[in-house]
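Here are the chains, one letter per residue:
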Amino acid sequence: MIRNFAMAAVISLSCTACGQKIQGKESQKIITTPNQNNMDLSKITDDTVKQAIQALQDGDQSWYTFFTENPMMTDDGNTIDFKSFFSHALGKEKFLSIDKVENDSKDIYGNFEAGKWGTFRTFFKFHKNNEGKFDRLDIGQAK
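First, a word on scope: everything that follows refers to the structure included in this document. (Residues numbered from 1 in each chain as written. Predicted model: local features only at pLDDT ≥ 70, side-chain atom pairs only at ≥ 80, totals over all residues. Heavy atoms only, no water.)

Applying the stated criterion across every chain, the model contains 16 aromatic pairs. Relative to F82, the ring of F67 lies with its centre 4.5 Å away and its plane at 45°, an arrangement referred to as tilted. On the criterion of sequence distance, the pair formed by F67 in strand β1 (residues 67-75) and F82 in helix α3 (residues 82-89) is long-range, its members being 15 residues apart. Of the two residues, F67 and F82, neither departs from the other in class, the shared state being buried. Measuring from ring centre to ring centre gives 6.3 Å for F124 and F126, while their planes differ by 45°; the resulting arrangement is tilted. Exposure remark for F124: the relative accessible area of 1% places this residue in the buried category. Every member of this aromatic cluster is reached through a ring pair, and the members are W63, Y64, F67, F82, F85, F86, F95, F112, F124, F126 and F134. Positioned above the aromatic ring of Y109, the side-chain terminus of K100 is 4.5 Å from the ring centre. (Phe/Tyr/Trp six-rings, centres within 6.5 Å; stacked < 30°, edge-to-face > 60°. Helix = DSSP H or I, 4+ residues; strand = E, 2+ residues; numbered from the N terminus. Buried < 20%, exposed > 50% of the residue type's maximum accessible area, 1.4 Å probe, protein only. Lys NZ or Arg CZ within 6 Å of the ring centre and 35° of its normal.)

Written out as structure tokens, the structure is:
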């Protein structure tokens, strides 16, 4: 009888240990999404700029909703087409850090990953109209 009890205890503990091992592995899974971005945007105090930058970081199409229908855009002082530029850049280019914020959080400076162009210090200068939408965006390499 003691022998049967000992055998049952060993089998029971083996099953429990196996179950815990599997559960342990399951609980250690890390789930990430392609749009996950945990960069600190707390330096940006203008909520519209902050939300727009978050959309840019996530490659989210909502980026366009922060702008007027045809916003003016310059890249290093050269006028370019906003929609054409971001149709290629959105989801591929993003800030790696926000280093400096000026002009009531409408001017953002930081390291920027610009796809095939590499990584460099960049500025984004947002211009807001009376309705709270951006009607101009100036970007370029910061000095």
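Anyway, onward from the coordinates.
A large share of strand β5 (residues 107-114) lies buried, amounting to six of its eight residues. With three bridges joining them, strand β3 (residues 93-95) and β5 adopt antiparallel strand pairing. If you follow E93 over to β5, its bridge partner there is A114. By the bridge criterion, seven bridges tie β5 to strand β6 (residues 119-128) in an arrangement that is antiparallel. Residue pairing in the sheet places F112 in a bridge with F120 of β6. Between β5 and β6, which pair antiparallel one after the other, the connecting turn spans four residues, and G115 there sits at a positive phi close to 55°. (Pairing = 2+ DSSP bridges.)

Interpretation in functional terms is not warranted from these geometric data alone.
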